[in-house]
Structures are given as C-alpha cells and as structure tokens.
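Observations on the model geometry
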Amino acid sequence: MLIGKVTGTVTATVKPDSLTGRKLLIVDVVDATGDIQTPGTVAVDTAGAGVGDMVLLTQGSAARMVPDLSMAPVDLAIIAVVDRISL
C-alpha cells in the first residue's frame with residue numbers, strides 16, 4: 001500500500017462500463033512525511049476522497065480486489081481517507 005495526496009480530478013466521458021460512476025482522481029504518491037515520490041498518477045476513488053485529502057492507495061492486482069472493480073482496467077485505487085499519520 002501507498003500514501004497519496006489528492007491534487008485534482010479527471011473527467012472522462014468515454015470509458016469502460018466497469019468505470020461508469022467511479023471518480024478518477026489525480027494523486028501524488030508521497031512518503032510518510034509528505035514528500036512527493038511519484039507525482040500526478042490517476043487513481044479510481046472507492047472511499048469518497050476529495051482534493052486535498054491524504055489517502056491510502058493500493059496498486060496492481062490488489063487494486064482490482066475492491067468490490068465491482070474485479071474486471072475493470074484499474075492499476076491504482078484509493079481505498080481509504082487517512083485521518084492521521086504518526087511517526
């Protein structure tokens with residue numbers, strides 16, 4: 001799993017049916033201190049996240065384990081909104 005910060009949204013009117021009704025968000029993958037590791041990746045939101053939120057991400061085949069995404073072309077999914085990180 002990864003930590004990310006939502007920085008924007010993506011609108012795609014033409015997409016696979018399996019993504020209909022799903023929000024696509026732009027996420028910077030960050031480390032525990034908030035430093036950007038990978039900027040500007042697109043993730044499918046399954047947790048109700050919004051711009052500015054810190055989120056927990058899952059990638060690869062694990063991203064398709066979210067209900068209703070098993071057959072979707074997804075490589076990165078937001079699975080939780082982070083409340084706090086303690087170091």
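Above this note sits the structure.
Presented here is an overview of the structure given in this document. Small disclaimer: the values here were computed from a predicted structure and weren't measured. (Residues numbered from 1 in each chain as written. Predicted model: local features only at pLDDT ≥ 70, side-chain atom pairs only at ≥ 80, totals over all residues. Heavy atoms only, no water.)

Points about the overall build of the protein chain
Counting secondary structure elements, the protein chain contains zero helices and five strands. Its helices and strands in sequence order give the protein chain the pattern β-β-β-β-β, from N to C terminus. A compact globule built from 87 residues would reach a C-alpha radius of gyration of about 12 Å, and the protein chain, at 12 Å, matches this within 12%. In terms of overall dimensions, the protein chain has C-alpha extents of about 40 × 25 × 20 Å along its principal axes. Burial statistics for the protein chain: of 87 residues in total, 31% are counted as buried. Across the protein chain, every contact between residues at least 6 apart in sequence was considered, and the portion connecting residues at least 24 apart equals 54%. (Helix = DSSP H or I, 4+ residues; strand = E, 2+ residues; numbered from the N terminus. Rg over C-alpha atoms; globule rule 2.2 N^0.38 Å. Buried < 20%, exposed > 50% of the residue type's maximum accessible area, 1.4 Å probe, protein only. Contact = heavy atoms within 4.5 Å.)

A closer look at the pattern of salt bridges
A side chain with one charge may pair with a side chain of the opposite charge, provided their charged atoms come close. Within this structure, the stated rule accounts for one salt bridge. Here Lys 23 ties to Asp 45 by a salt bridge, and the two come within 3.3 Å at their closest N and O atoms. With a gap of 22 residues between them, Lys 23 in strand β2 (residues 23-30) and Asp 45 in strand β3 (residues 36-45) connect regions that are remote in the sequence. The buried category is assigned to Asp 45, whose relative accessible area is 6%. (Salt bridge = Lys/Arg side-chain N within 4 Å of Asp/Glu carboxyl O.)

Regarding the nonpolar core
One finds Val 6, Leu 25, Val 27, Val 29, Ala 43, Ala 49, Val 55, Leu 57, Leu 76 and Ile 78 forming the largest nonpolar core, which totals ten residues. Taken together, the elements giving at least two residues each to this core come down to β2, β4 (54-59) and β5 (76-81). At three residues, β2 tops the list of elements feeding residues into this core. With sequence-adjacent residues up to four places away left out, Leu 76 is seen in contact with Thr 41, Val 42, Ala 43, Val 44, Leu 57, Thr 58, Gln 59 and Ala 63. One finds Leu 19, Val 44, Leu 69 and Val 74 within the second-largest nonpolar core, a separate group that totals nine residues. (Core = buried A, V, L, I, M, F, W, Y, C linked by side-chain atoms within 4.5 Å.)

Description of the sheet that holds β3
Read around the closed barrel, the five strands follow the order β1-β2-β3-β5-β4; overall the barrel is mixed. Sheet twist, expressed as the mean angle between neighbouring strand axes with direction ignored, is 55°. Bridge count for β2 against β3 is seven bridges, and the pairing is antiparallel. Residue pairing for β3: Leu 25 is matched across the bridge by Ala 43. (Pairing = 2+ DSSP bridges. Axes fitted to C-alpha atoms, helices over the stretch in contact; angles between N-to-C directions.)

Examining the pairing of β5
In this sheet, β5 lies alongside β3 in parallel orientation, the contact comprising two bridges. The partner of Val 44 across the bridge, within β5, is Ala 77.

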